[in-house]
Amino acid sequence: VEAGLLEPHDWVAVPVGDGAGPQQAPGRDRRPVRVRTDFVLDRPVTSARLYITAHGVYEAEINGRRVGRDVLAPEWTTYGSRLLYRTYDVTDLLDAGPNTIGAWLGDGWYRGRLGFHGGTRDLYGTDQSLLAQLEVRHPDGGVTVVSRFAEQTSRAMASNASIDGGGDVRRQKV
């Protein structure tokens, strides 16, 4: 039986948010952001779990492969009193040696537009952040924890994405 992260002190991850350029204006459609980091595993992997949540919605990847099958995770919640998180078995996505983990972040229910007749934005806040902690167990009993994702950030090709309004992707010459 596996329990997950049950106490606040079990989390060593630090939230990382929209660090790609100037803060996006509250009250408007905003572009999804990708946060990621590279790391090296110097020993073989016995098992690995990713514990992840967000202010907004996320889609995570490890080494270019999608984590889980969820859409719009972590779903709606009462953000003022709880923040749901998911646990994924990511053992098969990791390699001994160099690895990359990242996630796309969208506004979701947290700060996206909700409701009719133009709706309301920023209902729960204006920040957008990911909280993710990867715990890798090795055959020698050691544990590697990856919990900082601020090394690389970038904006999506989509100019906006929202729960109610969908997304808008326009190709631009780079």
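What counts and how
- Residues numbered from 1 in each chain as written.
- Predicted model: local features only at pLDDT ≥ 70, side-chain atom pairs only at ≥ 80, totals over all residues.
- Heavy atoms only, no water.
- Buried < 20%, exposed > 50% of the residue type's maximum accessible area, 1.4 Å probe, protein only.
- Helix = DSSP H or I, 4+ residues; strand = E, 2+ residues; numbered from the N terminus.
- Pairing = 2+ DSSP bridges.
- Phe/Tyr/Trp six-rings, centres within 6.5 Å; stacked < 30°, edge-to-face > 60°.
- Polar contact = N/O pair within 3.5 Å; in protein donor to acceptor, adjacent residues only side chain to side chain.
- Patch = residues over 30% accessible without salt bridge, like charges linked within 9 Å, V, L, I, M, F, W, Y side chains within 5 Å.
- Areas by Shrake-Rupley, 256 points an atom, 1.4 Å probe, with all protein chains shown as cover.
- Salt bridge = Lys/Arg side-chain N within 4 Å of Asp/Glu carboxyl O.
- 1 Å grid on protein atoms, 1.4 Å probe; cavity = no way out; pocket = protein on both sides within 12 Å on 5 of 7 lines; lining within 4 Å.
- Points joined across faces, edges and corners; volume = space filled by probe spheres on them.
- Nonpolar A, V, L, I, M, F, W, Y, C, P; charged D, E, K, R; others polar.

Undergrad: So what exactly am I meant to see when it comes to the pairing of strand S7 (residues 97–106) here?
TA: On any regular strand, side chains alternate: one points to one face of the sheet, the next to the other face. With 7 of its 10 residues buried, S7 lies for the most part within the structure. In this sheet, S7 lies alongside strand S2 (residues 33–41) in antiparallel orientation, the contact comprising 9 bridges. Across the sheet, Val 35 pairs through a bridge with Ala 103, a residue of S7. The pairing of strand S4 (residues 57–62) with S7 spans 6 bridges and is classified as antiparallel. Note on S7: the bridge partner recorded for Ile 62 is Ile 101.

Undergrad: Before we go on, may I ask you to explain the packing of aromatic side chains in this structure?
TA: Here the distance between the centres and the angle between the planes together describe a pair of aromatic rings. In total, this model carries 5 aromatic pairs according to the counting rule given. Here Tyr 79 and Tyr 110 contribute two aromatic rings whose centre-to-centre distance is 5.0 Å and whose plane-to-plane angle is 75 degrees, an arrangement assigned as edge-to-face. One end of the pair, Tyr 79, is in the loop between strand S5 (65–66) and strand S6 (86–89); the other, Tyr 110, is in helix H1 (residues 108–111), with 31 residues separating them in the sequence. Among the aromatic residues, those joined into a cluster by ring pairs are Trp 11, Tyr 51 and Tyr 85.

Undergrad: Would you mind going over the side chain of Asp 107 with me for this structure?
TA: Turning to its location among the elements, Asp 107 is positioned in the loop between S7 and H1. Given the relative accessible area of 4%, Asp 107 is considered buried. Within the structure, the side chain of Asp 107 is placed 2.6 Å from the side chain of Arg 111, a separation counted as a polar contact.

Undergrad: Any chance you could explain a nonpolar patch on the surface here in plain terms?
TA: On the surface, a nonpolar cluster with roughly 210 Å² of combined accessible area is contributed by Val 12, Val 143 and Val 145. As for its placement among the helices and strands, Val 145 is situated in strand S9 (residues 143–146).

Undergrad: Honestly, empty space enclosed by the protein in this entry has me stumped. Any pointers?
TA: If you roll a probe as big as a water molecule over the atoms, it shows you where there is empty space left. In total, this model carries 1 cavity of 30 Å³ or more according to the counting rule given. Looking at the lining of the largest cavity, the element that brings in the most residues is S4, giving 3 residues. Its residues assigned to classes, the lining of the largest cavity shows 5 nonpolar, no polar and 3 charged.

Undergrad: Got a minute to help me understand the pattern of salt bridges in this structure?
TA: Oppositely charged side chains may form a pair once their charged atoms are brought near each other. Applying the stated criterion across every chain yields a total of 8 salt bridges. Across the pair Glu 59 and Arg 66 runs a salt bridge, and its minimum N-O distance is 3.8 Å. Here Arg 66 falls in the partly exposed class, since its relative accessible area comes to 37%. Overlapping salt bridges, with partners in common, bring together Asp 42, Arg 43 and Asp 140 in one network.

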